[in-house]
Amino acid sequence: MSVQPQTQHPIVGAVAAARESVKTVREVQPTFMAPAQKQAAVLELDALEATLAELRLRVLAGAADAADEAGARDVGAWTAQLTRADLAAARADAQLAEALDRRWTQVAAGMADGKVSLAQARVIAHALEALPADLDPRLVLDAEAQMVAYCAEFNPTELRRLGRYLLEVVAPDIAEAELAKRLENEEQRAREKTSLRSKVIGDGLARTTIVHPVLDRDRLLTYLHAFTSPRKHHDALGGEEDRIPYPRRLGQAFCALLEHLDPTKLPQHGGDSTTVMVTIGLDSLRAELSAGSTVGGEALSATAIRRLACNSAIIPVVLGGNGEILDLGRSRRLFSPAQRKAMRLRDQRCRSEGCTVPAAWTEAHHLKPWAAGGNTDLGDGILHCNYHHHLAHDPTHTAERLPNGDIRYHRRT
């Protein structure tokens, strides 16, 4: 008995015919097309791509039997193996195919008509599935129709923003309460997922990664911006700090923020206010190149310790030759709030030549270093922004006091 050849399915035949049709222009170069013809071709190709994407998803929506026959775990795994696609992407396609087939038929129709792209369809499905589960089905249909209509004007990113407020369009009477509920859920999940990981990576660096709520991001950036130089006018004097990439300036501002935290306002730690103690020998502290260390922590250069001792809430422990403690901080090591206010009134800004950082964003610096016996009085203090305060303690630079009281820094040659 002869075996009859299997009849070709209309979908397979249509796709094969489309491929053959496109092959007829494989050698045709679009270079000499008129601009209007190129525009028409791009629009037609975009519509065709959406139509083919819908057809592909429609086939995937009914491919469970094929996946079972092939022994695949699910349609996504079957597709990934069959087409050599990424498994995560293939499973996302399979999930979208099922959603379009069972629920979002208007989106599928828009794709079939070439009016909704695959990327737009993903965004719409996500927005619709975020609607309240008990929402009136008629309102859900209205929401789906509205999002499909938006596709004629908005790209996927814009659709995503519109989707967040979709409920306000279709059900404004319950939108505010649902928005509040969604935000509370988001904030609760954000608190549950908050984490911090820190690792020393060498070369004097550590990598700290923080995942935290958006509200704390806004607060952190507000604090950090107080330590970064404002944008200068074109006629203002520019300095080396103006050429620092902004992400690096934010990183430096984060370090400055930590230095300015008041340990007396932090939780008690080990029976005392949370503090950081730095140990260094007296001769090392006075030397140009030497080192110390935090108690139970990392090594620090004497340059860094001298700068921290100038204005940070860090206790320097100065050791003598036999390791005895010569100085456990100094009662007037830090400028008082009243002195800092007087300096802000007097200096108005960072006193490094040409710097325009306002006084409110500066730090008090000892003109005669604390480590060299400098006094903590108004005449020995001057305001510096965080960048120039680092520069003041940088051994690769020299400082020159100008007649107007400003400080001019030079790189050592």
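Above: the structure in question.
Keep in mind the model is a prediction, meaning the values are calculated, not measured.

What counts as what
- Throughout this document, residue positions are counted from 1 along each chain, in the order its sequence is written.
- The model is predicted, so local features are restricted to residues of pLDDT at least 70 and side-chain atom pairs to those at 80 or more, both for listing and for counting; the totals for chains, interfaces and linings are taken over all residues.
- The side-chain quantities take in all heavy atoms of the structure and omit both hydrogens and water.
- Pairing between two strands is assigned when DSSP locates at least 2 bridges connecting them.
- For helices the rule is a DSSP run of H or I covering at least 4 residues; for strands it is a run of E covering at least 2, with both sets numbered from the N terminus onward.
- Cysteine sulfur atoms are paired as a disulfide whenever they fall within 2.5 Å.
- With a 1.4 Å probe rolled over the protein chains alone, any residue whose accessible area is under 20% of its type maximum counts as buried; one over 50% counts as exposed, and the rest are partly exposed.
- To qualify as a nonpolar core, a set must consist of buried Ala, Val, Leu, Ile, Met, Phe, Trp, Tyr and Cys residues joined through side-chain atoms within 4.5 Å.
- In what follows, residue pairs with any heavy atoms lying within 4.5 Å of each other are defined as contacts.
- For helices, the fitted line uses only the C-alpha atoms of the stretch in contact; every axis is such a line through C-alpha atoms, and the angle between N-to-C directions lies from 0 to 180 degrees.
- Roughly parallel means an angle under 35 degrees; roughly antiparallel means over 145; roughly perpendicular covers 65 to 115; every other angle is labelled oblique.
- Here a crossing is taken to be left-handed if its near helix is turned anticlockwise relative to the far helix by less than a right angle, and right-handed if that turn runs clockwise.
- When residues are sorted by character, Ala, Val, Leu, Ile, Met, Phe, Trp, Tyr, Cys and Pro go into the nonpolar class, Asp, Glu, Lys and Arg into the charged class, and all the rest, Gly among them, into the polar class.
- In protein, a polar contact requires one atom able to donate a hydrogen and another able to accept it; more generally it is a pair of N or O atoms within 3.5 Å, and residues adjacent in sequence count only if both atoms are side-chain atoms.

A. Examining the pairing of strand β12 (residues 397-401) more closely. Sheet analysis places β12 next to strand β13 (residues 407-411), joined by five bridges and oriented antiparallel. Note that in β13 the partner of His397 across the bridge is Arg411. What sits between the antiparallel neighbours β12 and β13 is a turn of five residues, in which Gly405 has the positive phi angle 95 degrees.

B. A look at the state of the cysteines. Here the structure, examined in full by the defined rule, presents zero disulfides. For the unlinked cysteine Cys350, the closest cysteine sulfur is that of Cys355, found at 3.8 Å.

C. Just unusual backbone geometry, in detail. In this structure, Arg84 takes a positive phi of about 60 degrees despite not being glycine. With respect to the helices, strands and loops of the structure, Arg84 is situated in the loop between α4 (75-83) and α5 (87-102). Of note in the backbone geometry, Gln348 takes a positive phi value of approximately 70 degrees without being a glycine. For Gln348, a relative accessible area of 52% corresponds to the exposed category.

D. Seen up close, the nonpolar core. Ranked by internal contacts, the top residues of the largest apolar core, which has 37 residues, are Leu100, Trp104, Val107 and Leu128. If you list the elements that add at least two residues to this core, you get α2 (35-61), α4, α5, α6 (105-112), α7 (118-129), α8 (137-150) and α10 (166-170). At six residues, α7 tops the list of elements feeding residues into this core. When near neighbours in sequence (up to four residues on either side) are disregarded, Val107 contacts Leu100, Val116, Ala121, Ile124, Leu128, Glu144 and Val148. Listed in part, the ten residues of the second largest apolar core include Cys350, Cys385, Ile407 and Tyr409.

E. Layout of the packing of α4 against α5. Relative orientation of the contacting elements α4 and α5 amounts to 130 degrees, with a least axis distance of 8 Å. Here α4 lies oblique to α5, going by the angle between them. Remark: the crossing between α4 and α5 carries right-handed chirality. Of the residues in α5, those in contact with Val75, Gly76, Ala77, Thr79 and Ala80 of α4 are Leu87, Ala90, Arg91 and Ala94. Partitioned by chemical class, the residues of the contact of α4 with α5 number six nonpolar, two polar and one charged.

F. Focus on the environment of His365. Of note, His365 is situated in strand β10 (residues 363-366). Accessibility expressed as a relative area gives 7% for His365, which makes it buried. In this structure the C-alpha to C-alpha distance between His365 and Phe335, which are 30 residues apart in sequence, comes to 8.8 Å. There is a polar contact of 3.4 Å between the side chain of His365 and the side chain of His389.

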